[in-house]
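# Working through the structure, step by step
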Amino acid sequence: MLSKTIILCILITVVFGYLLMIPGNHPSKWAPQNHALVKDWVSRIRDIFRGLLTLTPAHEKPADRRTTEKDGHDQLALKIFTKLELSKYKGDKEKKKPIYLAILGRVYNVSKGRKHYGPGEAYSIFAGIDASRAFVTGDFTEKGLTDDIESLKSSQLFELQNWASFYDEKYPLIGYLLGRFYDSSGQPTEVLKKIDHQIQEYKEEVKKMEAAKNQLPACNQEWNPTGSRVWCSQKSGGVSRDWAGVPRQYFQPGSTSPTCVCARDPRNHHHHTLKEYKGCDMLATSCNVLSE
Ligand code: HEM
């Protein structure tokens, strides 16, 4: 069992190592949604090896960026960087100089992540600048490496905020970058306030959509030569619940054709967007839908 685990780990490590090394196969060219997953795998594999070889503790606790604040420096005591100053912190081959990067105008000391941000490493492009936009677009060209995020969609801004939280967790915050997001006294600019507001609205919207999805989860569906069968179960629509519900046609506002959802209360006729399936008992949890 143990040897199987080791072989599997070696295989996965070799495959990802190989992918990362192929010229022109920079991670940014792969689907960003896989990123967290891949990073998680890599960390797990590394942890397994560490555990097996007892080289280093399996989980090094990430540095708490709040130490700066706990140590008696409040946020305003953090340094205000100009773009020029920040550009001097890209590290060096001798691994002596520190490496800083900014995201949403917040400057972090990422020196302990030298293997990612040091000269010549995969993410060295982020060192010494605020390239907020590239974190969500994956555009690592000169034009893409910018802090101009005005045209990003709310979902991308949300994703960007998640990246900022990642840095909050892993690296010490050491200051603010004077410019688009912070003013010379380290206060958020109108641009940053507007973005924060937009992200907040997006989160609320997502919450509402999630709540609606939990109320009316999608049905299971299978197709056959004469039509299809729709049915409800306690896990249909990816929503785990203690009720199954009955299939109903749901006429979503703005949509031309109905979708099948599971209604919790079969007798609820008040919901004008829900309609029973023709020829199917009102209480049936499964309905055959004939093609028209
Ligand atoms: C928008 C695209 C992407 C961005 C902005 C991005 C950014 C980053 C950054 C900043 C790091 C260093 C994190 C740290 O400080 O610990 C990192 C690590 C890493 N990334 Fe990406 N990445 C992207 C896409 C990808 C993709 C598509 C893959 C693979 C499918 C990938 C694989 C990895 C791996 C394996 C690591 C190292 C994990 C570790 O050793 O802990 N990245 N990425």
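Notes on the structure follow. (Residues numbered from 1 in each chain as written. Predicted model: local features only at pLDDT ≥ 70, side-chain atom pairs only at ≥ 80, totals over all residues. Heavy atoms only, no water.)

Before going further, it helps to spend a moment on the nonpolar core. Core analysis: the biggest nonpolar cluster contains 31 residues, and Ile103, Val110, Tyr117, Phe126, Ile149 and Tyr167 have the highest contact counts within it. Ranked by residues supplied to this core, first place goes to helix 7 (residues 154-170) with five residues. If sequence neighbours within four positions are ignored, valine 110 has contacts with Ile99, Tyr100, Leu101, Tyr117, Tyr167 and Tyr171. Counting residues in each nonpolar core, the second largest holds 10 residues, with Cys219, Cys232, Trp243 and Cys262 among its members. (Core = buried A, V, L, I, M, F, W, Y, C linked by side-chain atoms within 4.5 Å. Buried < 20%, exposed > 50% of the residue type's maximum accessible area, 1.4 Å probe, protein only. Helix = DSSP H or I, 4+ residues; strand = E, 2+ residues; numbered from the N terminus. Contact = heavy atoms within 4.5 Å.)

A separate point is helix 8 (residues 190-215). Taking 1.5 Å per residue, 26 residues should reach 38 Å; helix 8 reaches 38 Å between its end C-alpha atoms and fits that length. Packed against the buried residues of helix 8 are helix 7. (Expected span 1.5 Å × (residues − 1).)

Let's shift gears to the environment of tyrosine 171. With respect to the helices and strands, tyrosine 171 occurs in the loop between helix 7 and strand 4 (173-177). The class of tyrosine 171 is buried, set by a relative accessible area of 0%. Once the C-alpha coordinates of tyrosine 171 and valine 110 are considered, the two residues, 61 residues apart in sequence, prove to be 5.9 Å apart.

One ladder, built from five bridges, connects strand 5 (residues 220-224) with strand 6 (residues 227-231); its direction is antiparallel. By the bridge assignment for strand 6, glutamate 222 is matched with arginine 229. Taking the residues that link successive antiparallel strands as the turn, the strand 5-strand 6 hairpin has two residues. (Pairing = 2+ DSSP bridges.)

Moving on to the packing of helix 7 against helix 8. Relative to each other, helix 7 and helix 8 sit at 105°, their axes nearing to 9 Å. As judged from the angle between their axes, helix 7 and helix 8 are roughly perpendicular. Two secondary-structure elements touch here, helix 7 through Ser154, Ser155, Leu157, Phe158 and Gln161 and helix 8 through Ile195, Asp196, Gln198, Ile199, Tyr202 and Lys203. Each residue belonging to the contact of helix 7 with helix 8 can be placed in one class, and the counts come to five nonpolar, four polar and two charged. (Axes fitted to C-alpha atoms, helices over the stretch in contact; angles between N-to-C directions. Parallel < 35°, antiparallel > 145°, perpendicular 65-115°, else oblique. Nonpolar A, V, L, I, M, F, W, Y, C, P; charged D, E, K, R; others polar.)

Here the structure, examined in full by the defined rule, presents three disulfides. Across the disulfide from cysteine 219 sits cysteine 260; the S-S distance is 1.9 Å. Between cysteine 219 and cysteine 260, the disulfide has an S-S torsion of -80° and is therefore left-handed. Of this pair, cysteine 219 sits in the loop between helix 8 and strand 5 while cysteine 260 sits in strand 8 (residues 259-263), placing them 41 residues apart in sequence. Of the residues examined, cysteine 219 reaches a relative accessible area of 13% and is grouped as buried. For cysteine 260, a relative accessible area of 11% translates into the label buried. Here the protein chain pairs its bonded cysteines, counted in sequence order, in the arrangement 1-3, 2-4, 5-6. (Disulfide = S-S within 2.5 Å.)

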